[in-house]
2 protein chains.
Amino acid sequence: MAEAEAATRARARGGRRARQALRSAPQFDMLPGLERNLPLCEPMSEEQIRRIDDASMAILEEVGCVFRDPIALADWRRAGADVRGDRVHLDRGLVRDLIATIPERFTYLARDPAKSVALGGRSAIFVPMTGAPYLRDLEDRRRLPTLEDLAMFHKLAHMAPALHSSAHHIVEPMDIPVSHRHLHITYSSIRHSDKTFMGMTTSPKNAEDVLDMAAILFGADTLERQPVITGNCNGNSPLVWDETMLGAMRAFCRRNQPVLCSPFVLGGANTPASMVPTVVQLNAEALAGLAYTQVIRKGCPAVYGHYLATVSMASGAPMAGTPEISLMNFMIGQMARFYGVPWRTSNTLGGAKVLDAQAGYESAATLSAVLHAGANYIWHSAGWNEAGMHCSVAKFMVDAEQCAMGHRMASGLRWDDFDEALAAVRDVGPGGHYLGHPHTQANFQRAFFMPKLFDNNAVEQWQAEGAIETPERALRLARKWLGDYEAPPLDEAIDEALKDYIARRSREIPAVDELNQQH
Amino acid sequence: MAEAEAATRARARGGRRARQALRSAPQFDMLPGLERNLPLCEPMSEEQIRRIDDASMAILEEVGCVFRDPIALADWRRAGADVRGDRVHLDRGLVRDLIATIPERFTYLARDPAKSVALGGRSAIFVPMTGAPYLRDLEDRRRLPTLEDLAMFHKLAHMAPALHSSAHHIVEPMDIPVSHRHLHITYSSIRHSDKTFMGMTTSPKNAEDVLDMAAILFGADTLERQPVITGNCNGNSPLVWDETMLGAMRAFCRRNQPVLCSPFVLGGANTPASMVPTVVQLNAEALAGLAYTQVIRKGCPAVYGHYLATVSMASGAPMAGTPEISLMNFMIGQMARFYGVPWRTSNTLGGAKVLDAQAGYESAATLSAVLHAGANYIWHSAGWNEAGMHCSVAKFMVDAEQCAMGHRMASGLRWDDFDEALAAVRDVGPGGHYLGHPHTQANFQRAFFMPKLFDNNAVEQWQAEGAIETPERALRLARKWLGDYEAPPLDEAIDEALKDYIARRSREIPAVDELNQQH
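In what follows, the accompanying structure is described. (Residues numbered from 1 in each chain as written. Chains lettered and ligands numbered in written order. Predicted model: local features only at pLDDT ≥ 70, side-chain atom pairs only at ≥ 80, totals over all residues. Heavy atoms only, no water.)

What about the relation of the copies chain A and chain B?
Okay, so step 1: Overlaying chain A with chain B gives an RMSD of 0.0 Å, the required rotation being 180 degrees about an axis along which the chain moves by 0.0 Å. Viewed as a symmetry operation, the transformation between the two copies matches a two-fold axis.
Okay, so step 2: Taken together, the interface assignments show that 99% of the residues at the interface of chain A recur at the interface of chain B, consistent with an identical surface on both copies. (Least-squares fit on C-alpha atoms with pLDDT ≥ 70 in both. Contact = heavy atoms within 4.5 Å.)

Listed below in structure tokens is the structure:
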């Protein structure tokens, strides 16, 4: 009884003045990019890292990696690889020489330069989920999304302090023909937020369109100098890179823009049923993709990526938040740092159908793991549920607040008021209390994170307020935020040029609704 | 779309044979005590650890700690402390000399010796929550608990593989007079499980009764040689230890049984509104308690404890799963290791009123933090919700499975099938799949943790099965387990002796229903 009851009694002592101060307007200022200041979880010794590296390199040399793309095969021949049919055998010396020119760290330029964010080393960013074919909307109904729904998510991403990017197709705008979507998705990312964003890689030509739009926004010469947009290219595990992805990769690299080289791993299905060897294979696949970025353009930024779930052998379903995924993230972080390349992981993955306890456990376990792993590009950080089949507005809000908490945790300890606070201990003395002390009054706002979306009141108060559970609390906050939304400024001439580009390309590209995406 | 859709398509490929194998009987064998094999999260430098130590020692020397207990004050005088009124000023040399005799590591003897577990260093155990004045029962109804409800939780604790203890009053048996409860609680812990357990510290005399019962079970001479039971003594922050707790502490230490010396900290209310100084105060309080255990009996085992929440200045409510609590756990772990003493923390704390997403986020964030912090005695590991005001059967089940996942994660990497699994990579080759490979068939059961309580099926299947959310899934499993429960053997003569003891003490102690507990 002791601890539970005492905790509850303490509630009564909350300071009235403090409560009033906290009822102020919501705060939408973006947190700076995370500068991690916590030691990393590194389970492998230097010798074990070299063992993984050696095994991955041996696979690339002896088994090889398939590039299903004539241009890439020709590129590889010119680069000196041993190409046999569509299988490229990569010598470890060649791989090391190529990846050596990938920048260890770079800074994304955002439209609002104050929202530019560094990536690599200790620097990390939180990026919302993307790619959901359904959403759970502001009424928590599961349905097909529209371009308007996508705009709503871009607005929420713009306002959420801990999200550093508006990403791209958080949800699929199903009311737009498939062949035109990339244009409208990119415009929505740009129009509704001035944070950095992502570019579609659904085909090489789509990628070119997206990069043209980025060039309209920032100027083509800016792209030459600095990353402004991110593409993602998935590998097909085991050991295959396909034509669509490689073509999109070329579009990005040629303009000096980074891609996430992301093997798509379902542990146990397309990798061995074993944790460490799964990392070996994933590492080989990522290295093959990373090396090719430097064949395309030496010195181009690139990011070590992966999508990683383990597969339930009981049902065939992908799982998330499991211990092996955490451990593999720790290992992959060590490998990326060994190669000196920034790395991407996935946050808040999970398979729950609603924002229930399962979703909470899975998402928090994942967030914690990726922070201790030291990931740089922390993708799928808000909204993901149902194995990515829907983006939930409610979950988007909760996850975004969780990222703010993760940001605080990974920023580490503050020692700046150490002596002052200890003076308060002497003032208050044994048996006293701190709520009225000037140090408390001056510091309570920043001392301890107070989540807005979690209810810690007594059950009686919670019942009197309608017994509202997490999803509805989050949806109420989302509605409030959307009422407060202000579009960031966008130069009118640029806006016109973007619209003209979309209009022209929409005339040129037949409006097709079939999914011709390979990934 | 890429990652979400591909993940979903993968589902179809699950192996039928694997599924059948997994439909076997549930497994109730206790996991061995956790032997942590992950590097720790240690945010403080050696110099910062010394700075905390120095500040805590200065508080004990200059401010002192109040012991509201004449026996303790006399003990302290004899031990050479500077006692002024009820305030004991402790010289750092004295504190260091005293805590030096606390064992760094010890092993609890369980009634089933195979379930004995080590504590300290890398060795850790998961212990269920205790102290809930309400429960959410097998029908998810919130109500007052009975002795029968407590028995149910002891049975579930007995069966849950990752729980290493049956604890004591997981819920308060409200149908038993307060003054007799400790007898029936202790009997229930013993009767329904053969794992280690906890002893009530609600008064010095109650503690003596509990220790008498432990002596009946194990033999008085066994207690002299080895820990068999754990008491918890809360300090009253700031800087007070009270008579009830100190009396109970004396009862345990005199019989050579360990107590958790746990300052009760509500950060910002009874400590400064600042993270690092809160640890300084908590550390001073824990040291005072630990030092006193060695005044009572030199060499007696003792555990550095704490109950730690931060207080929302907006509502006065205790919070959990916040970044500062994680960071303080990392720091406290470093301090306990600096002093060479095993340490206790709290797991799965949270303030949700139901097992909703909030409960999941809070609990998983806490579990992860305590594992990375390297805690030894991981208390409140199953069932806690509503700031400890109720124990939830559903959450008990989910938390227990989460502890199994945490156990797996903190056990680290396995390299034993490295070469064999890499041979499978060569067999399968680019573009192949692993599900039919002999290595997969031989290893899938142990390769990736498959949570039973999380649904990762497609939404259509989930709906067809009744759209069951996490709480109901967990309650169904709890009902199934209780149907499978088998009581562990208990020597009949010992059982009779325990019952006789309870009967005698129940006659001797007036049946009082008032809460006269000070903590």
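Picking up after the structure, the text goes on.
Topic: helix α13 (residues 357-373) of chain B
All names here are of chain B.
Okay, so step 1: The terminal C-alpha atoms of α13 lie 24 Å apart, and with 17 residues this matches the ideal 24 Å at 1.5 Å per residue to within 8%.
Okay, so step 2: α13 sits mainly inside the fold: 17 of its 17 residues count as buried.
Okay, so step 3: Its side-chain oxygen placed 3.2 Å from the backbone nitrogen of Gln 358, Asp 356 serves as the N-cap of α13.
Okay, so step 4: Residue Gly 374 follows α13 closely and has a positive phi angle near 80 degrees. (Helix = DSSP H or I, 4+ residues; strand = E, 2+ residues; numbered from the N terminus. Expected span 1.5 Å × (residues − 1). Buried < 20%, exposed > 50% of the residue type's maximum accessible area, 1.4 Å probe, protein only. Polar contact = N/O pair within 3.5 Å; in protein donor to acceptor, adjacent residues only side chain to side chain.)

So, the packing of helix α8 (residues 204-218) of chain A against helix α19 (residues 492-508) of chain A
Residues and elements named next belong to chain A.
Okay, so step 1: Where α8 meets α19, the closest approach of the two axes is 9 Å, and the angle between their N-to-C directions is 160 degrees. Relative to α19, α8 is oriented roughly antiparallel. Relative to α19, α8 is oriented so that their crossing is right-handed. Touching Glu 208, Asp 209, Asp 212, Met 213, Ile 216 and Leu 217 of α8 are Ile 494, Ala 497, Leu 498, Tyr 501, Ile 502 and Arg 505, all from α19.
Okay, so step 2: Within the contact of α8 with α19, the residues separate by chemical class into eight nonpolar, no polar and four charged. (Axes fitted to C-alpha atoms, helices over the stretch in contact; angles between N-to-C directions. Parallel < 35°, antiparallel > 145°, perpendicular 65-115°, else oblique. Left-handed = near helix turned anticlockwise from the far one by under 90°. Nonpolar A, V, L, I, M, F, W, Y, C, P; charged D, E, K, R; others polar.)

Considerations on unusual backbone geometry
All names here are of chain A.
Okay, so step 1: Each neighbour pair has its own omega, and for Ser 237 with Pro 238 the value is 0 degrees, a cis peptide bond.
Okay, so step 2: Located in the positive-phi region is Asn 256, a residue other than glycine, with phi close to 70 degrees.
Okay, so step 3: Mapping Asn 256 onto the fold places it in the loop between α10 (243-254) and β13 (259-267).
Okay, so step 4: Accessibility expressed as a relative area gives 12% for Asn 256, which makes it buried.
Okay, so step 5: The residue Thr 348 is not glycine, and still its phi comes out positive at about 50 degrees.

Let's talk about the pairing of strand β11 (residues 229-236) of chain A
The two faces of the sheet receive side chains in turn, since in a regular strand these alternate between them.
Residue and element names in this part refer to chain A.
Okay, so step 1: With seven of eight residues buried, β11 lies mostly within the body of the structure.
Okay, so step 2: Pairing of strand β10 (residues 197-199) with β11 involves three bridges; the strand directions are parallel. Bridge pairing in β11 links Gly 199 to Gly 231. (Pairing = 2+ DSSP bridges.)

Comments concerning the environment of Lys 353 of chain A
Okay, so step 1: As for its position among the elements, Lys 353 of chain A is in the loop between β17 (344-346) and α13 (357-373).
Okay, so step 2: Linking Lys 353 of chain A and Glu 386 of chain A, residues 33 residues apart in sequence, is a C-alpha distance of 4.9 Å.
Okay, so step 3: Beyond its immediate stretch of four places on either side in the chain, Lys 353 of chain A contacts Arg 136, Asn 385, Glu 386 and His 390 of chain A together with Asp 455, Asn 456, Asn 457, Val 459 and Trp 462 of chain B.
Okay, so step 4: At a separation of 2.9 Å, a polar atom in the side chain of Lys 353 of chain A contacts the main-chain carbonyl oxygen of Gly 351 of chain A.

Focus: the packing of aromatic side chains
Okay, so step 1: Enumeration according to the criterion identifies 24 aromatic pairs over all chains in this entry.
Okay, so step 2: With a centroid separation of 5.8 Å and 35 degrees between ring planes, the pair formed by Trp 76 of chain A and Tyr 292 of chain A is classed as tilted. Pair noted here: Trp 76 of chain A is in helix α4 (residues 70-79) and Tyr 292 of chain A is in helix α11 (residues 275-296), with a separation of 216 residues, a long-range link. Each member of the pair, Trp 76 of chain A as well as Tyr 292 of chain A, carries the same accessibility label: buried.
Okay, so step 3: Summarising the aromatic geometry, the rings of Tyr 307 of chain A and Trp 384 of chain A are spaced 6.1 Å apart at their centres and angled 35 degrees between planes, so their arrangement reads as tilted. Pair noted here: Tyr 307 of chain A is in strand β15 (residues 307-311) and Trp 384 of chain A is in strand β19 (residues 384-385), with a separation of 77 residues, a long-range link. Note on accessibility: Tyr 307 of chain A and Trp 384 of chain A belong to one class, buried.
Okay, so step 4: The residue whose ring lies beneath Arg 142 of chain A is Tyr 134 of chain A, and the NZ or CZ to ring-centre distance is 4.0 Å.
Okay, so step 5: We note Arg 51 of chain B situated over the ring of Phe 418 of chain A; from NZ or CZ to the ring centre the distance is 4.3 Å. (Phe/Tyr/Trp six-rings, centres within 6.5 Å; stacked < 30°, edge-to-face > 60°. Lys NZ or Arg CZ within 6 Å of the ring centre and 35° of its normal.)

Observations regarding the pairing of strand β2 (residues 65-68) of chain B
Residues and elements named next belong to chain B.
Okay, so step 1: Judged from the two bridges that link them, β2 and strand β4 (residues 87-89) form a sheet pairing that is antiparallel. Within β4, the residue paired with Val 66 across the bridge is Arg 87.
Okay, so step 2: Looking at chain direction, β2 and strand β12 (residues 240-242) are connected through three bridges and run parallel. From the neighbouring strand, Arg 68 faces β12, where its bridge partner is Asp 242.

As for the pattern of salt bridges
Okay, so step 1: In total, this model carries 70 salt bridges over all chains according to the counting rule given.
Okay, so step 2: Salt-bridge contacts for Arg 255 of chain A lead to Glu 208 of chain A; the nearest nitrogen and oxygen are separated by 2.9 Å. Placement of the pair is Arg 255 of chain A in the loop between α10 and β13 and Glu 208 of chain A in helix α8, with a sequence separation of 47 residues.
Okay, so step 3: Judged by relative accessible area, Glu 208 of chain A falls into the partly exposed class, the value being 29%.
Okay, so step 4: For Asp 399 of chain B, the salt bridge identified is with Lys 395 of chain B, shortest N-O distance 2.9 Å. (Salt bridge = Lys/Arg side-chain N within 4 Å of Asp/Glu carboxyl O.)

Structural notes on the sheet that holds strand β20 (residues 390-392) of chain A
Residues and elements named next belong to chain A.
Okay, so step 1: Pairing is mixed across the open sheet formed by four strands, whose spatial order is β9-β8-β20-β19. Where the open sheet ends on each side, the last strands, each with one partner, are β9 (142-143) and β19.
Okay, so step 2: Direction of pairing for strand β8 (residues 134-136) relative to β20: parallel, over a ladder of three bridges. Bridge pairing links Tyr 134 to His 390 in β20.
Okay, so step 3: Across the sheet, helix α6 (residues 147-159) is in contact with β8, β9 and β20; its angle to β8 comes to roughly 55 degrees.
Okay, so step 4: Helix-sheet contacts for helix α14 (residues 393-410) involve β8, β19 and β20, and the interaxial angle to β20 is about 60 degrees.

Structural notes on the packing of helix α3 (residues 46-63) of chain B against helix α5 (residues 92-99) of chain B
Residue and element names in this part refer to chain B.
Okay, so step 1: Where α3 meets α5, the closest approach of the two axes is 9 Å, and the angle between their N-to-C directions is 110 degrees. In terms of orientation, α3 lies roughly perpendicular with respect to α5. Contacts between α3 and α5 pair Asp 53, Asp 54, Met 57, Ala 58, Leu 60 and Glu 61 from the former with Arg 92, Val 95 and Arg 96 from the latter.
Okay, so step 2: Residues belonging to the contact of α3 with α5 are distributed by class as follows: four nonpolar, no polar and five charged.

Some points on the interface of chain A and chain B
Okay, so step 1: Counting residues at the interface gives 151 residues for chain A and 150 residues for chain B.
Okay, so step 2: Carbon and sulfur atoms make up 69% of the surface buried where chain A meets chain B, a total of about 12500 Å² over both sides.
Okay, so step 3: Our count for the chain A to chain B interface comes out at six salt bridges.
Okay, so step 4: A salt bridge links Lys 353 of chain A to Asp 455 of chain B; the nearest nitrogen and oxygen atoms lie 2.7 Å apart.
Okay, so step 5: Along the contact surface separating chain A from chain B lie 29 residue pairs in polar contact (both at pLDDT 80 or more). (Buried area = accessible area lost by both parts, 1.4 Å probe.)

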